Amino acid sequence: TVGNLELNFCGEPYSGRPNFRAPESLALALKEKGFDLVQTANTYSIQNGVSGLKSTIKYLNTVGIDHVGTYVAQDDKNTNEGVLLKNVNGIKIAFIGYTKGVNNEKLPEGSEFCVDLLYQDYWTEYKEINTDGIVKSVKAAKALDPDVIVAMLHWGSEWDTTVGSTQQEIADLMLKNGVDVILGSHPHVVGPMKEVPVTTVDGEEKTCFVAYSLGNFLSHQKEMINLLGGMASVTIVKDKDGARVEEYELKPTINVILRDPASG
């Protein structure tokens, strides 16, 4: 069970923008409810500074939730280019995580390694795709000899169900280089989901799966379009012919609105 964790564990205050802080107890609650891995590369990765990013990773490590896309130190990034390999029921799955940006902010000098970014101009136009970085990550994933590669991407535009041109380019780049599944977040609404026939750079022909946005699972947003979300269930089968995505479905959810008890 994987998800996008769009917040920081870094102490009070626990409500209101622009801090996007959550009680550290939420990390344990997520673990107890069954989350195994979260994407931490997203809009709010450094909302509370690099120290907030480091604190978030610390609490996830404490409760035993894996994470992808952000790093405490350069050495963490250098290890397999940030790829996380998990063995799930005998199937080796390599995970990578990327975000379009960090809330229009620029990573502090000396900490450029701490978030994996889809764009080179991530604090301005979101037009220059980080092709070299993306391909390097996928190659590092392939080097671990996984059965399946999953990319968790924070991309697109908020409240927009359409797919942008650079999103399509990024998806094509990843799938052709070896990614099998893309799970998208950021728009806060449910976007397109589809099977994609792909011929990889290695000449392999296969069918991949892309969910451009799964909407919200748990948030404070109150508009009807934000209340409807979904959980993507992806079935991966491994036999003598190898591993493949055999089926998928979207399980609809209705988002729970979190309220501050003091405000009623």
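Further up the page is the structure itself.
In this report, we go over the structure that sits alongside the text. (Residues numbered from 1 in each chain as written. Predicted model: local features only at pLDDT ≥ 70, side-chain atom pairs only at ≥ 80, totals over all residues. Heavy atoms only, no water.)

**Thoughts on the overall build of the protein**
What the protein contains, in helices and strands, is 6 helices and 13 strands. Over its C-alpha trace the protein gives a radius of gyration of 18 Å, about what one expects of a compact globule, namely 18 Å for 264 residues. Referenced to the eigenvectors of the C-alpha coordinate spread, the extents of the protein come out at roughly 60 × 40 × 35 Å. Within the protein, the fraction of its 264 residues that count as buried is 49%. For the protein, restricting intrachain contacts to residue pairs at least 6 apart in sequence, the fraction spanning at least 24 positions comes to 66%. Summed over its atoms, the accessible surface of the protein is roughly 13,100 Å², and 50% of this surface lies on carbon and sulfur atoms. On the protein, the mean spot of the 24 positive side-chain charges and the mean spot of the 35 negative ones are 2 Å from each other. (Helix = DSSP H or I, 4+ residues; strand = E, 2+ residues; numbered from the N terminus. Rg over C-alpha atoms; globule rule 2.2 N^0.38 Å. Buried < 20%, exposed > 50% of the residue type's maximum accessible area, 1.4 Å probe, protein only. Contact = heavy atoms within 4.5 Å. Areas by Shrake-Rupley, 256 points an atom, 1.4 Å probe, with all protein chains shown as cover. Lys, Arg positive; Asp, Glu negative; His and termini not counted. Charge placed at Lys NZ, Arg CZ, Asp CG, Glu CD.)

**Regarding the nonpolar core**
Counting residues in hydrophobic clusters, the biggest one holds 41 residues, and the most contacted among them are V115, L118, L153, I170, M174 and I182. Not counting chain neighbours up to four residues away, the residues in contact with L153 comprise Q39, Y98, L118, I170, M174, I182, L183, G184 and S185. Formed by 16 residues, the second largest nonpolar core is a distinct cluster that contains L37, I91, V148 and I236. (Core = buried A, V, L, I, M, F, W, Y, C linked by side-chain atoms within 4.5 Å.)

**So, the packing of helix α4 (residues 131–143) against helix α5 (residues 165–177)**
At a closest axis distance of 10 Å, the pairing of α4 and α5 adopts a crossing angle of 30°. As far as their axial angle goes, α5 and α4 are roughly parallel. Crossing hand, α4 versus α5: right-handed. Along its contact with α4, which presents T131, I134, V135, V138 and K142, the element α5 presents I170, L173, M174 and N177. Here the contact of α4 with α5 is composed, by residue class, of 6 nonpolar, 2 polar and 1 charged. (Axes fitted to C-alpha atoms, helices over the stretch in contact; angles between N-to-C directions. Parallel < 35°, antiparallel > 145°, perpendicular 65-115°, else oblique. Left-handed = near helix turned anticlockwise from the far one by under 90°. Nonpolar A, V, L, I, M, F, W, Y, C, P; charged D, E, K, R; others polar.)

**Describing the sheet that holds strand β1 (residues 2–4)**
Judged by pairing direction, the sheet is parallel, and its 3 strands sit side by side in the order β1-β2-β3 without closing on themselves. The open sheet has two free edges, formed respectively by β1 and β3 (66–68), since each of these has just one partner strand. Direction aside, the axes of adjacent strands within the sheet are offset by 25° on average. Taken together, the 3 bridges between strand β2 (residues 37–39) and β3 define a ladder with parallel strand orientation. From the neighbouring strand, L37 faces β3, where its bridge partner is D66. (Pairing = 2+ DSSP bridges.)

**Concerning the sheet that holds strand β9 (residues 205–211)**
The sheet built from 6 strands is open, its strands ordered β4-β5-β6-β7-β9-β8 with mixed pairing. Each end of this open sheet is capped by a strand with a single partner; those strands are β4 (84–88) and β8 (193–199). The average undirected angle you get between the axes of adjacent strands in this sheet is 25°. In this sheet, strand β7 (residues 181–185) lies alongside strand β6 (residues 148–154) in parallel orientation, the contact comprising 5 bridges. Residue pairing for β7: V150 is matched across the bridge by V181. Sitting on the sheet, α4 is in contact with β5 (91–99) and β6, with an inclination near 165° to β5.

**Quick notes on helix α2 (residues 49–63)**
For α2, with 15 residues, the first-to-last C-alpha span of 22 Å sits near the 21 Å given by 1.5 Å per residue. V50, G52, L53, S55, T56, I57, L60 and V63 are the residues of α2 that are buried. In this structure, the buried side of α2 is in contact with α1 (25–32), β2 and β3. Looking at the residues trailing α2, positive phi occurs at G64, about 90°. (Expected span 1.5 Å × (residues − 1).)

**Here's the deal with the side chain of T99**
Here T99 is to be found in strand β5. A residue is classified by how much of its surface remains accessible, and T99, at 0% relative accessible area, is buried. Side-chain polar atoms of T99 contact the backbone oxygen of G101, separated by 2.9 Å. If we skip the residues at most four places from it in the chain, T99 touches A41, N42, T43, V115, D116, L117, L118 and H154. (Polar contact = N/O pair within 3.5 Å; in protein donor to acceptor, adjacent residues only side chain to side chain.)

**Comments concerning α5**
Compared with the 18 Å implied by 1.5 Å per residue over 13 residues, the 18 Å span of α5 between its first and last C-alpha is a close match. Those residues of α5 lying buried are T166, Q167, I170, A171, L173, M174, L175 and N177. In this fold, the buried residues of α5 make contact with β5, α4, β6, β7, β8 and β9. A positive phi of about 135° marks G178, the residue just after α5.

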